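Observations on the three-dimensional arrangement
Chain by chain, the residues:
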Amino acid sequence: MENKELDVAIIGGGQAGLSMSHCLMSRGLNNHLIFERNQLGHSWRNERWDSFCLVTPNFQCRLPGYDYDGTDPNGFMLKNEIVAFIERYAKSFNPPLMEGVTVNSVLLRKAGFTVETSSGSWNTQQVVIATGAYHRPRKLPGSQKIPGSIMQIHSAEYKNPKQIPDGEVIVVGSAQSGCQIAEDLHLEGRKVHLCLGSAPRSPRFYRGRDVVDWFEEMGHYDKPIHEFENPEEVRHETNHYLTGRDGGREMDLRQFALEGMSLYGFLESIDASGFNVRPDVNEKLDLADETYVRLRNIIDKYILNQGLEIPSEEPYIPVWKPNVEQTRLNFADQRISAIIWAIGFAPEFGFVKAPVFDNKGYPCCVRGVTDCPGLYFLGLPWLYTWGSGRFAGVARDADYLAEKIALREPIHAPI
């Protein structure tokens with residue numbers, strides 16, 4: 001069977017892929033298709049826990065031609081509300097979306113690309129990879145040594161505390177997912193052992209406003225990555241932990257410890273009976289709090305420079321410090337029934353057969369444009385700004401790429 005012809009193929013039907021389609025359609029570039037392996041909104045629908053909500057205010061949900069349309073711009077949409085928002089967005093412009101279609105490979109040809117899928121093959125002049133960067137759940141080496149009687153799941157598989165068998169629970173990783181899942185279990189009265197990583201901490205509210213409001217006003221979210229001193233370090237740094245739960249509130253691991261959560265340092269090694277951990281809880285909490293205080297200081301300086309009359313707040317004082325640093329977490333002694341791995345994801349772009357990746361398999365591009373003519377990436381963290389991998393900034397990136405695509409003058413008639 002002869003391959004069908006396209007001007008542009010978009011791989012991935014999340015907010016990035018939909019944004020790309022909208023920007024192309026607004027330029028009259030209608031001969032494109034979005035290939036989505038699952039259902040529209042799949043990752044929000046199926047890879048988040050039941051109480052999941054955004055950590056950035058709803059007003060930052062700004063997709064091309066479609067800003068947040070609800071009644072609570074300063075709130076934080078729950079999982080089902082996010083799915084509904086994406087579905088409404090798709091209905092607003094009816095993109096050419098193929099759901100349930102797996103892209104097996106994107107092959108570079110002399111003139112364009114061949115996209116081979118579970119529903120046939122297409123020749124296309126240009127391709128946008130809009131699958132994000134969170135593909136393969138990570139687990140630490142040695143996890144196979146853990147007894148089979150202990151449940152092991154990744155954060156992407158966690159739904160709610162009822163899913164976890166009776167007993168105590170280890171959460172490995174203290175970035176956004178790890179902290180929020182640990183809190184979810186903690187609020188249900190479960191005993192949680194949290195192994196810390198290097199994630200920094202952010203305030204939720206400060207001096208009368210959400211911290212995101214302050215930094216949006218300061219233009220922080222518009223700063224391109226190339227203006228930072230160490231762009232690659234910025235691109236791969238861990239997200240700050242904070243929460244939008246119950247309207248948003250402070251997330252303080254020290255307070256959790258006061259309430260009975262056990263904190264451990266960095267997980268160094270695993271054996272059949274437990275974890276060996278570094279005695280660095282205090283160090284990690286202090287480093288996270290340094291970021292917390294630094295963000296408050298930036299806001300203080302801005303308020304001063306702008307001459308704003310806003311009441312000050314009391315200096316931050318830690319509410320807890322460890323008396324003894326543990327170096328061992330024993331499964332039997334702590335009656336561990338489950339381990340939740342919240343240590344992120346690895347990118348998986350092996351289906352893209354083009355020489356555009358570094359030695360870690362990460363795409364090399366400038367604002368989504370690769371050295372391979374006609375091949376682009378969208379929706380990656382810090383592709384251009386802080387918001388590139390979020391609702392806040394994907395519209396700007398999609399519009400930029402759509403202009404690049406339009407300048408290459410697609411040659412096929414619409415299908």
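Residues numbered from 1 in each chain as written. Predicted model: local features only at pLDDT ≥ 70, side-chain atom pairs only at ≥ 80, totals over all residues. Heavy atoms only, no water.

1. Concerning helix α1 (residues 15-25)
For α1, the tally of buried residues reaches 10 of 11 residues, placing the bulk of the element in the interior. Three or more residues of α1 are buried, namely Gln15, Ala16, Gly17, Leu18, Ser19, Met20, Ser21, His22, Cys23 and Leu24. (Buried < 20%, exposed > 50% of the residue type's maximum accessible area, 1.4 Å probe, protein only. Helix = DSSP H or I, 4+ residues; strand = E, 2+ residues; numbered from the N terminus.)

2. Description of the packing of aromatic side chains
Using the criterion set out here, one finds 18 aromatic pairs in the structure. With a centroid separation of 5.3 Å and 80° between ring planes, the pair formed by phenylalanine 275 and phenylalanine 331 is classed as edge-to-face. Taken together, the residues phenylalanine 275 in strand β17 (residues 274-277) and phenylalanine 331 in the loop between β18 (328-330) and β19 (336-341) connect sequence positions 56 residues apart. A residue is classified by how much of its surface remains accessible, and phenylalanine 331, at 5% relative accessible area, is buried. Ring centres 5.1 Å apart and planes at 55° place the aromatic pair tyrosine 292 and tyrosine 316 in the tilted group. Taken together, the positions of tyrosine 292 in helix α8 (residues 281-306) and tyrosine 316 in the loop between α8 and β18 put the pair 24 residues apart, joining distant regions of the chain. (Phe/Tyr/Trp six-rings, centres within 6.5 Å; stacked < 30°, edge-to-face > 60°.)

3. Observations regarding the pattern of salt bridges
Per the stated rule, a full pass over the model turns up 24 salt bridges. For arginine 249, the salt bridge identified is with glutamate 183, shortest N-O distance 2.8 Å. Of this pair, arginine 249 sits in the loop between α6 (231-235) and α7 (253-258) while glutamate 183 is found in helix α4 (residues 176-187), placing the two residues 66 residues apart along the sequence. Residue classification places glutamate 183 among the buried residues on the basis of a relative accessible area of 3%. (Salt bridge = Lys/Arg side-chain N within 4 Å of Asp/Glu carboxyl O.)

4. With respect to the environment of lysine 360
Summarising the element assignment, lysine 360 is placed in the loop between β21 (352-353) and β22 (375-377). You can call lysine 360 exposed: its relative accessible area is 72%. Along the sequence, lysine 360 and glycine 265 sit 95 residues apart, while their C-alpha atoms lie 27 Å from each other.

5. Quick word on the packing of α1 against helix α9 (residues 394-407)
Two elements in contact, α1 and α9, have axes whose closest approach is 8 Å; the angle formed by their N-to-C orientations is 45°. Relative to α9, the element α1 lies oblique. At the point where α1 passes α9, the crossing takes the right-handed sense. Here α1 contributes Ala16, Ser19, Met20, Cys23 and Leu24 to the contact with α9, which in turn contributes Val394, Ala395, Ala398, Asp399, Leu401, Ala402 and Ile405. In terms of residue class, the contact of α1 with α9 is built from 10 nonpolar, 1 polar and 1 charged. (Axes fitted to C-alpha atoms, helices over the stretch in contact; angles between N-to-C directions. Parallel < 35°, antiparallel > 145°, perpendicular 65-115°, else oblique. Left-handed = near helix turned anticlockwise from the far one by under 90°. Contact = heavy atoms within 4.5 Å. Nonpolar A, V, L, I, M, F, W, Y, C, P; charged D, E, K, R; others polar.)

6. Re helix α3 (residues 79-93)
With 15 residues, α3 extends 23 Å between its outermost C-alpha atoms, agreeing within 8% with the 21 Å of an ideal straight helix rising 1.5 Å per residue. Residues of α3 that are buried: Lys79, Ile82, Val83, Phe85, Ile86, Tyr89, Ala90 and Phe93. Summarising the axial view, the buried residues of α3 lie within an arc of 160°, below the 170-degree limit, and thus occupy one face. Turned more than 90 degrees off the buried face of α3, the exposed positions are Asn80 and Lys91. Asparagine 94 sits one or two positions beyond α3 and adopts a positive phi of about 50°. (Expected span 1.5 Å × (residues − 1). Arc of directions from axis to C-beta.)

7. Some remarks on the sheet that holds strand β15 (residues 262-264)
Read from one edge of the open sheet, 5 strands run β10-β19-β11-β12-β15, paired in parallel fashion. Both outer strands of the open sheet, β10 (151-154) and β15, are each paired with one neighbouring strand and no more. Strand-to-strand twist in this sheet, taken as the mean axis angle between neighbours without regard to direction, amounts to 20°. Bridge count for strand β11 (residues 168-172) against β19 is 5 bridges, and the pairing is parallel. Directly across from valine 171, in β19, lies its bridge partner isoleucine 340. Together, β11, β12 (192-195) and β19 form the strand contacts of α4, whose direction differs from that of β12 by roughly 170°. (Pairing = 2+ DSSP bridges.)

8. Remarks on the sheet that holds β17
Spatial strand order, β16-β17-β18: 3 strands in an open sheet with antiparallel pairing. Bordering the open sheet on either side are β16 (267-271) and β18, each of which pairs with just one other strand. On average, each strand axis in the sheet is inclined to that of its neighbour by 20°, with strand direction left out of account. Across 4 bridges, β16 lies against β17 in antiparallel orientation. What sits directly across from aspartate 271, in β17, is glycine 274.

9. Overview of the side chain of threonine 370
Within the element layout of this structure, threonine 370 appears in the loop between β21 and β22. Separated by 3.1 Å, the side chain of threonine 370 and the backbone nitrogen of cysteine 372 make a polar contact. Of note is the side chain of threonine 370, whose polar atom sits 2.8 Å from the backbone oxygen of leucine 375. Beyond its immediate sequence surroundings of up to four residues, threonine 370 is in contact with Val356, Cys364, Cys365, Leu375 and Phe377. (Polar contact = N/O pair within 3.5 Å; in protein donor to acceptor, adjacent residues only side chain to side chain.)

10. Details of unusual backbone geometry
For asparagine 94, which is not a glycine, the phi torsion comes out positive at approximately 50°. With respect to the secondary-structure elements, asparagine 94 resides in the loop between α3 and β5 (97-99). One non-glycine residue, arginine 367, lies in positive phi territory at about 55°.

11. Observations regarding the packing of α1 against α3
At a minimum axis distance of 11 Å, the contact between α1 and α3 shows a crossing angle of 20°. Classified by the angle between their axes, α1 and α3 sit roughly parallel to one another. As α1 packs across α3, the resulting crossing turns out to be left-handed. Together, Gln15, Leu18, Ser19, Ser21, His22 and Met25 of α1 and Ile86, Tyr89, Ala90 and Phe93 of α3 make up the contact between the two elements.

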